[in-house]
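Structural characterization, general
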Amino acid sequence: MAERIEQRLEDRVPELEQLERVGLFTRKEIKAVLRRASALEYKIQRRALRKEDFINYIQYEINLLELIKKRRARTGYSFKKDEIEISILHRIHSLFNRAIGKWKEDIQLWLSHVAFCKQWNAKHQLSRVFSSMLAIHPNKPALWIMAAKWEMETRRSSENARHLFLRALRFHPECPKLYQEYFRMELMNAEKQRKEKKEFERAKMDLGEFNYSEEILNGEMARIIYRDAAQKIKGVEFHLAVLSIAKLFDFTHFFQKEILESLQTKFADDPLTWDYMARRELELGSLQSTEHTTKQTKVSEMTQREERCSAVFEEAVKAVPTEDMWKYYIAFCLERYNRKTNSEELKQKRLERTLTVFNKAHESSLLPEALYKQWLQLLLESNLCEKAMEVAEAATKRFSLSVEMWQVRLQVLIQLKSDDVTQCFEEAIKHVKSKGTLPIWTLWVEWSEGTKSKEDTEALYQRSLHATTHAESVTMKEKYLDWTYRNSGYKKVRRVFTSLCENRPFSLDFFRKMIQIENEQESCKMLHLREYYERALREFGSTDSDLWLDYIKEELSHPQGKPENCGSIHWRAMKMLQGDLVEDFVAKFTLLQTGHL
């Protein structure tokens, strides 16, 4: 091993001598490079190889290359690159190859090698990397696409890119993304050839020696790919993706028409098709065009376009009366409403259209639960308070078991300061099962805190403890404790705490809150703190090492504390804590002893 390392270091000597000779590095820096290289070489020659050692070595060499590049730029010296950079590049490729040979499954290693080749324009090497990578990872379409794009965009080889896509499709015959990118590549190739031909014709050159296929020029290859894919790939999404690609090229109008006809024939019942057809009306321009467009004309034109979109959507919800179809229609209306415009008239029309569509979907019983919240928000923003209350009530009738729906209705009533809030809370609790009612109880007590008497709010807190599940009552206990302290002071909160401790479960925050309250008192009593810590440790002593440490700190720092108790607390902690928590506790306790915690 030592001989091999020695040989590798000797192989470096010519490049290092050149670096010193041309003044890019000093003698001291050359020695530092050799020392670092020696240490890195030893690490990658061990029996038990580690990926990190190869990565560190490669990164060091790349940093060295970057440093040489900067110093060349600074000094203006650009000679001897074959003796210096080429040697380092060769070594980096060799390191990548060794690492990849050992860890073939690591995609990130492959991609790092690809990125390095691209950065240093190592085209021949990159071609080999792609070839090896695809042989080992043929099951990843993204890698095939990456390789084909490089062939097309960097090497300008449509033939190689086409060959790669065809090979990829043998492994992934139903991969939409592969077909989409293959389709895009053929259109890019057609566009490139069309531009070349146009330039030659403009220069009045003889095209006899150039073989420009009319099929390729007209995008016929892309059409073949689409037709082949359409037989294998189901779903409207693929057709729409291909259509969006075709629209990027100005010679594909015939082709777009074919895809549109296919969409309308095969996917007439798919909401996505209707959504596309409706939104397409925005792009088609106004029915009347004028040479001199005024602000009012623009508003009128946009109104016409949106009305044509709306007309298609109206047809859609009749042809495909589903929740999804209404969702697309409403999404369109909200997008248009949220677009900025200086025209109050246009904004008002958009608002009216949106509210009308919400109402129609609701009357058809096809408005999804999630959209009621947006509808109500829009109604409140528009100061349509009575309508908002009416919609909120209708929503809870339709989704009477939905906690979120009741929550939304209650928030509307609270915001509008309605007299029916209490009645609605009672109604909500009656309809919704006890599990999951925590958001309603939380909202109720928070509302009560700001509007009702202390007695009413306390009664509500106590009622919530019995009405919620055990797990949810934990949160209510915390809130009850906090509210009592804020509103009734220390003595009352002590009584409430003792009362609440009679019924499990508890949260750690429940006890920590009481400890915090005690510490805030002028006459803070250690006796009370011990009680809270002991109660907390009975519940969480086996799972929380910080609780034990805080108890020890309290005994050490409190004027009434007993440092002699710390040994006993430490012994109990070691007995109760589970698994790795013991080591964690010991480490933190040691820091505490040395004054670092």
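Residue positions within a chain follow its written sequence, with the count starting from 1. pLDDT decides what is reported in this predicted model: residues at 70 or higher carry local features, side-chain atom pairs at 80 or more are listed and counted, and totals for whole chains, interfaces and linings draw on all residues regardless. As a rule here, side-chain values cover all heavy atoms of the structure and leave hydrogens and water aside.

**Regarding the overall build of the chain**
Condition: Secondary structure counts use DSSP, requiring at least four H or I residues in a row for a helix and at least two E residues in a row for a strand, with both numbered from the N terminus. Only protein chains enter the calculation, and the probe is 1.4 Å; a residue is then buried if its accessible area is under 20% of its type maximum, exposed if over 50%, and partly exposed in between. Contacts were defined at the residue level, with two residues in contact if any of their heavy atoms lie within 4.5 Å. Neither His nor the chain termini are counted; the positive set is Lys and Arg, and the negative set is Asp and Glu. Charged groups are reduced to one reference atom each: NZ for lysine, CZ for arginine, CG for aspartic acid, CD for glutamic acid.
Broken down by element type, the chain carries 29 helices and zero strands. Projected onto its principal axes, the C-alpha positions of the chain cover 100 × 80 × 45 Å. When burial is assessed residue by residue, the chain has 45% of its 597 residues classed as buried. For the chain, long-range pairs separated by at least 24 residues make up 59% of all intrachain contacts whose partners lie at least 6 apart in sequence. Between the averaged position of the 98 positive side-chain charges in the chain and that of its 91 negative side-chain charges there is a distance of 4 Å.

**Regarding the domain arrangement of the chain**
Heads up, the condition is: Throughout, the edges of the domains are those of an automatic or database domain assignment.
Split by domain assignment, the chain resolves into domain 1 (1-103), domain 2 (440-505) and domain 3 (518-596). The distance between the C-alpha centroids of domain 1 and domain 3 comes to 55 Å.

**Some details on the pattern of salt bridges**
For clarity, the cut-off: Think of a salt bridge as a Lys or Arg side-chain nitrogen and an Asp or Glu carboxyl oxygen that are within 4 Å of each other.
On inspection of all chains with the given rule, the structure shows 51 salt bridges. Residue Glu186 is joined to Arg162 by a salt bridge in which the shortest nitrogen-to-oxygen separation is 2.5 Å. You can see Glu186 sitting in helix 9 (residues 176-202) and its partner Arg162 sitting in helix 8 (residues 158-171), a full 24 residues away along the chain. Taking relative accessible area as the criterion, Arg162 reaches 10% and is therefore assigned buried.

**Details of helix 24 (residues 470-500)**
Because the α-helix completes a turn every 3.6 residues, residues three or four places apart line up on one side. Here is the rule we go by: Helix span, expected: 1.5 Å multiplied by one less than the number of residues in the helix. Consider a residue and the seven residues that end there alongside the seven that start there; fitting an axis to each set, the bend is the angle between those axes.
Helix length check: helix 24, at 31 residues, gives a terminal C-alpha distance of 13 Å against a target of 45 Å (1.5 Å per residue), a shortfall beyond 12%. In helix 24, a bend of some 140 degrees at Ser488 exceeds every other bend along the element.

**Some details on the UniProt feature "domain: U3 small nucleolar RNA-associated protein 6 N-terminal" (unreviewed entry) in the chain**
Inclusion rule: UniProt positions are given in the numbering used here, feature names are shortened, and annotations may be inferred rather than shown by experiment.
What UniProt calls "domain: U3 small nucleolar RNA-associated protein 6 N-terminal" (unreviewed entry) maps, in this numbering, to residues 9-91. Between the end C-alpha atoms of residues 9-91 the distance is 12 Å, and the span holds 75% helix and 0% strand.

**What to know about the environment of Thr354**
Residue placement: Thr354 occurs in helix 17 (residues 344-363). Thr354 sits in the buried class, given a relative accessible area of 1%. Beyond its immediate stretch of four places on either side in the chain, Thr354 contacts Cys333, Leu334, Tyr337 and Leu378.

**Digging into the packing of aromatic side chains**
Our working definition: What counts as a ring pair is set by centres within 6.5 Å for rings of Phe, Tyr and Trp (its six-membered ring), and what kind of pair is set by the plane angle: stacked under 30 degrees, edge-to-face over 60, tilted for all other angles. Ring-over charges, as used throughout, are those where CZ of Arg or NZ of Lys falls within 6 Å of the ring centre and within 35 degrees of the ring normal.
Per the counting criterion, the structure on display carries 32 aromatic pairs. With centroids separated by 6.0 Å and ring planes inclined at 20 degrees, the aromatic side chains of Trp326 and Tyr329 adopt a geometry described as stacked. Within this pair, Trp326 and its partner Tyr329 are both found in helix 16 (residues 323-338), separated by three residues, close to a single helical turn. Judged on exposure class, the residue Trp326 and its partner Tyr329 are both buried. An aromatic cluster is defined as three or more aromatic residues linked by ring pairs; in this entry it consists of Phe497, Phe506, Phe510, Phe511, Tyr532 and Phe540. When the ring centre of Trp120 is taken as reference, the NZ or CZ atom of Lys69 above it lies at 5.6 Å. If you follow Arg71 out to its NZ or CZ, it ends over the ring of Phe25, 4.9 Å from the centre.

**As for the packing of helix 15 (residues 295-319) against helix 16**
Packed helix pairs are specified by the crossing angle of their axes together with the interaxial distance, meaning the distance between the axes. Heads up, the rule is: Think of each axis as a best-fit line through the C-alpha atoms, taken over the contacting stretch in the case of a helix, with angles from 0 to 180 degrees between the N-to-C directions. Roughly parallel refers to an angle under 35 degrees, roughly antiparallel to one over 145, roughly perpendicular to one between 65 and 115, and oblique to any angle outside these ranges. Rotating anticlockwise by less than a right angle from the far helix to the near helix defines a left-handed crossing, while the corresponding clockwise rotation defines a right-handed one.
Interhelical geometry of helix 15 versus helix 16 gives an angle of 165 degrees and a closest axis separation of 9 Å. Classified by the interaxial angle, the pair formed by helix 15 and helix 16 is roughly antiparallel. Here the hand of the crossing between helix 15 and helix 16 comes out left-handed. Contact with helix 15, carried on its side by Met302, Glu306, Cys309, Ser310, Phe313, Glu314, Ala316 and Val317, involves Met325, Trp326, Tyr328, Tyr329, Phe332 and Arg336 of helix 16 and no other residues of that element.

**Some details on the side chain of Ser473**
Turning to its location among the elements, Ser473 is positioned in helix 24. If we skip the residues at most four places from it in the chain, Ser473 touches Leu465, Thr468 and Pro505.

**As for the side chain of Arg91**
Our working definition: The definition of a polar contact used here is a pair of N or O atoms within 3.5 Å, where within protein one atom must be able to donate a hydrogen and the other to accept one, and adjacent residues in sequence count solely through side-chain atom pairs.
As for its position among the elements, Arg91 is in helix 4 (residues 85-102). Of the residues examined, Arg91 reaches a relative accessible area of 15% and is grouped as buried. A polar contact of 3.0 Å, which involves the side chain of Arg91, links it to the side chain of Glu61. The residues touching Arg91, leaving out its near neighbours within four places in the chain, are Arg12, Glu15, Tyr57 and Glu61.

**Comments concerning the environment of Met574**
Here Met574 lies in helix 28 (residues 566-576). As a C-alpha pair, Met574 and Phe585 span 11 residues in sequence and 8.2 Å in three-dimensional space.

**Looking at the confidence of the model for the chain**
Predicted coordinates in regions of low pLDDT should not be interpreted in detail. To keep things clear, this is the line we draw: Values of pLDDT, the confidence the predictor places in each residue, fall between 0 and 100.
Of all residues in the chain, 97% have pLDDT values of 70 or greater, and the mean over the chain is 92. Per-element mean pLDDT across the chain ranges from 83 in helix 10 (residues 214-217) up to 97 in helix 16.

**With respect to the packing of helix 14 (residues 271-283) against helix 16**
Operational definition: Nonpolar residues are Ala, Val, Leu, Ile, Met, Phe, Trp, Tyr, Cys and Pro. Charged residues are Asp, Glu, Lys and Arg, and all others, Gly as well, are polar.
Relative to each other, helix 14 and helix 16 sit at 25 degrees, their axes nearing to 9 Å. On the basis of the axis angle, helix 14 is roughly parallel to helix 16. Note on packing geometry: the crossing formed by helix 14 with helix 16 is right-handed. Of helix 16, the residues touching helix 14 (which contributes Pro271, Leu272, Trp274, Asp275, Arg279 and Leu282) are Asp324, Met325, Tyr328, Ala331, Phe332, Glu335 and Arg336. In terms of residue class, the contact of helix 14 with helix 16 is built from eight nonpolar, no polar and five charged.

**So, the state of the cysteines**
Where we set the bar: Only a pair of cysteine sulfur atoms within 2.5 Å qualifies as a disulfide here.
Under the definition given, this model contains zero disulfides. Here Cys309 is not cross-linked by a disulfide; its sulfur's nearest cysteine counterpart is in Cys333, at 9.6 Å. When its relative accessible area of 0% is taken as the criterion, Cys309 is described as buried.

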